[in-house]
Amino acid sequence: MQVFSQRFWSQVVAAGVCALLVTVGSSDDLAAQTGPSPDPANDITFAKDVAPILQQNCQVCHQPGAIGPMSLMEYQDVRRYARRISRMVESRDMPPYQYDTDVGIQDLKEDWRMTDDEISTIMAWVAAGSPEGDPADMPAPVEWPDPAEFRLADRFGEPDVVVASAPYDVPEVGQDRWWRPTTPTGVTSDRCIRAVETKPSVTGRAVAHHANSSFTVNGERAGRLSEYALGKVGEIVPEGACRRIPAGADVTWDIHYWPNGVEVNDDQVEVGIWLHDEDYEGKYDQTLTLYFLNGGRGYDIAPHGTLMTQGFHSFDTPTRIDSWQPHGHTRLVAASIQILRKDGTLEMVSMVSNWSALWHHSHIYDEDQAPLLEAGDQIVLTHWYDNTADNRYNPDPDQWVGIGDRTADEMAHAWMAITHLDEEGYEQIKAERSRPVSEQPDRDR
Ligand code: HEC
């Protein structure tokens, strides 16, 4: 009975698929229906369907000289990795942007996630044996921007300040390395940042996995400057807000190099900063700050154990959360941010349930989606850690794990860019959001 019903249902489903093709297909498709039963997957080819998706989502890193371990420019290369590609896109491990698609805010800037359609196209193509199709269908190759130029220069001209990290030698093969030099900015008065972009050197982009930068003044931390992973363009501070660069600031780098088969000597990463004029009045300060979970106190995760920890943060004035970037290491497996309103309601803002410490993203909310908080509303940060052998990134489930800097230790914080408003600014943003889109001011996307 069960066998019968399964066959019955698979026939119903197959018939449903054909019916769909007939309803949406052109007259050519209708003609095809009269021949032998068509296999819809056969219609998907590399040249016509898959190459454009790889251009948009993969080639920035998977081309000769970039950080990806193989090139995905030519059909022959892609075919060789077809199965692995199918697995990696299905699990959303590639492109590397871990952010849940089914809860919380979905409108992000610099969002690398692929659509469900793109993912199923790639999977169906691999399942059908990765056909090349007609080379005449191939899209024109993408003209990649000159890696020697700042990309935001098109829009803002050359940066006002360029700060380079101290030179570093990356060997041809070896373990990951972290390089944390400090370099002066030369900025002598407090200024508001308009935009910022981090750029690896042309040879170094094969090995500079990511590069984060913070400000320090006389050795004291003075806020985050920027965060970079290949493919990222830069950050533009919302109009009216001021992300401050303090007088006399130094830039402290945290660069993750990944030896990748090429020796790179004296490598330097640069950060370009565009400043507002001296008389610009950013009405509201935007700060990029580290917020702890667990009050910043240590915790221990038992061998083969798990742990959940939280952090609560609130402000005396209304605020807008502009971005969220959870931070942890190899035992961190998931992170979320919620808002606990004063009336007791709890709202999910964002969740990453497939965390990977290889990639650190600042999730930047679209300006009309960025969560607004009244004074006294609480931000609730939650992290889940897994020190069992089930965690695929766990280097050693037999260890006790505590808080510390080494990759083998753990961390529990999130970086958030927050605009500090007043009642008037808060009411104004709320009013703008409730107006029809056609009447809203243009914004940077
Ligand atoms: C931001 C850069 C970047 C983008 C974009 C990117 N990759 Fe990757 N990819 C990497 C890096 C670096 C690795 C090796 C480290 C890792 O696995 O994270 C990798 C690893 C892989 C692997 C595993 C290779 C192996 O040896 O097992 C596959 C398959 C892959 N990528 C496919 C893709 C596909 C398909 C896309 C687009 C849909 C894509 N990648 C987009 C950087 C990127």
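## Quick word on the overall build of the protein chain
(1) Moving on: Of regular secondary structure, the protein chain possesses eight helices and 22 strands.
(2) Moving on: Relative to its 445 residues, the protein chain shows a buried fraction of 32%.
(3) Moving on: Counting only contacts in the protein chain whose residues sit at least 6 apart along the sequence, the fraction spanning at least 24 positions is 81%.

## Overview of the sheet that holds strand E17 (residues 332-340)
(1) Moving on: Strands sit in the order E15-E21-E17-E18 across an open sheet of four strands; the sheet is antiparallel. The open sheet has two edge strands, strand E15 (306-313) and strand E18 (346-352), and neither has a second partner. Averaged over all neighbouring strand pairs, the angle between strand axes comes to 20°, with direction disregarded.
(2) Moving on: Sheet topology places E15 next to strand E21 (residues 378-386); eight bridges connect them, and they run antiparallel. The residue of E21 that forms the bridge with Phe312 is Val380.

## A few points about unusual backbone geometry
(1) Moving on: With an omega of -15°, the peptide bond running from Met94 to Pro95 counts as cis.
(2) Moving on: The phi dihedral of His304 falls on the positive side, at around 60°, and the residue is not glycine.
(3) Moving on: Positionally, His304 belongs in the loop between strand E14 (284-292) and E15.

## A few points about the site of the ligand
(1) Moving on: Among the 20 residues in the neighbourhood of the ligand, the closest are listed as Cys58, Cys61, Arg84, Met94 and Pro95.
(2) Moving on: In terms of residue count, helix H5 (residues 82-90) provides more of the shell around the ligand than any other element does, four residues in total.
(3) Moving on: Tallied by class, residues from the shell around the ligand come to 15 nonpolar, four polar and one charged.
(4) Moving on: Domain assignment of the residues forming the shell around the ligand places at least three in each of domain 1 (39-95 + 104-137) and domain 2 (153-276).

## Examining the packing of H5 against helix H6 (residues 116-127)
(1) Moving on: Where H5 meets H6, the axes come as close as 9 Å, and the angle between the chain directions of the two elements is 150°. Of the possible angle classes, the one that applies to H5 and H6 is roughly antiparallel. Judged by the sense of rotation from one axis to the other, the crossing of H5 with H6 is left-handed. The residues of H6 that touch H5, namely those facing Ala82, Arg83, Ile85, Ser86, Val89 and Glu90, are Ile119, Ile122, Met123 and Val126.
(2) Moving on: Looking at the contact of H5 with H6 residue by residue, the class counts come to seven nonpolar, one polar and two charged.

## A look at the pairing of E14
(1) Moving on: Both strand E10 (residues 241-245) and E14 contribute to a ladder of two bridges, which runs parallel. Looking at E14, one finds that Ala241 is bridged to Tyr284.
(2) Moving on: With seven bridges joining them, E14 and strand E22 (residues 413-420) adopt antiparallel strand pairing. Residue pairing for E22: Thr289 is matched across the bridge by Met416.

## Remarks on the confidence of the model for the protein chain
(1) Moving on: Per-residue confidence for the protein chain gives a mean pLDDT of 86, with 88% of residues at or over 70.
(2) Moving on: A low-confidence stretch, residues 1-38 stays under pLDDT 50, and its non-local contacts, those more than four residues away or across chains, total nine contacts.

## A word on the environment of Leu225
(1) Moving on: One can find Leu225 in strand E8 (residues 220-229).
(2) Moving on: The class for Leu225 is buried, based on 24 C-beta atoms found within 10 Å.
(3) Moving on: Taking the C-alpha atoms as reference points, Leu225 and Asn212, 13 residues apart in sequence, are found 7.8 Å from one another.
(4) Moving on: The residues touching Leu225, leaving out its near neighbours within four places in the chain, are Val196, Ser213, Ser214, Phe215, Val251 and Val271.

## Examining helix H8 (residues 423-434)
(1) Moving on: Under the 1.5 Å per step criterion, the end-to-end length of H8 is 17 Å for 12 residues, consistent within 8% with the ideal 16 Å.
(2) Moving on: The element H8 is barely covered by neighbouring structure, given that only one of its 12 residues are classed as buried.

## Notes on the environment of Leu72
(1) Moving on: Within the secondary structure layout, Leu72 lies in the loop between helix H3 (46-57) and helix H4 (75-80).
(2) Moving on: For the pair formed by Leu72 and Cys58, sequence separation is 14 residues and the distance between their alpha carbons is 7.3 Å.
(3) Moving on: The residues touching Leu72, leaving out its near neighbours within four places in the chain, are Leu54, Cys58, Gln59, His62, Asp77 and Val78.

## Some thoughts on H6
(1) Moving on: The end-to-end C-alpha distance of H6 is 16 Å, a good match for the 16 Å that 12 residues give at a rise of 1.5 Å each.
(2) Moving on: Turning to H6, its buried residues number three or more, namely Ile122, Trp125 and Val126. Projection of H6 onto a plane perpendicular to its axis shows the buried side chains occupying an angular sector of 100°, all on one side. Across H6 from its buried face, at more than 90 degrees, point the exposed residues Asp116 and Asp117.
(3) Moving on: Its buried side turned inward, H6 meets H3 and H5.
(4) Moving on: The positive-phi residue at the C-terminal boundary of H6 is Gly129, with phi of around 95°.

## Notes on the packing of H3 against H6
The description of two packed helices rests on the angle between their axes and on the distance between the axes.
(1) Moving on: Remark: H3 packs on H6, axes separated minimally by 10 Å, with the N-to-C direction vectors making an angle of 130°. For the element pair H3 / H6, the angle class is oblique. Here H3 and H6 pass one another in a crossing that is left-handed. Side by side, H3 and H6 meet where Phe46, Asp49, Val50 and Ile53 of the first sit next to Glu118, Thr121, Ile122 and Trp125 of the second.
(2) Moving on: Considered class by class, the residues forming the contact of H3 with H6 number five nonpolar, one polar and two charged.

Definitions and cut-offs
Residues numbered from 1 in each chain as written. Predicted model: local features only at pLDDT ≥ 70, side-chain atom pairs only at ≥ 80, totals over all residues. Helix = DSSP H or I, 4+ residues; strand = E, 2+ residues; numbered from the N terminus. Buried ≥ 20, exposed ≤ 12 C-beta atoms within 10 Å, placed from the backbone. Contact = placed C-beta atoms within 7 Å. Pairing = 2+ DSSP bridges. Axes fitted to C-alpha atoms, helices over the stretch in contact; angles between N-to-C directions. Near = placed C-beta within 6 Å. Nonpolar A, V, L, I, M, F, W, Y, C, P; charged D, E, K, R; others polar. Domains from an automatic or database assignment. Parallel < 35°, antiparallel > 145°, perpendicular 65-115°, else oblique. Left-handed = near helix turned anticlockwise from the far one by under 90°. pLDDT = per-residue confidence, 0-100. Expected span 1.5 Å × (residues − 1). Arc of directions from axis to C-beta.

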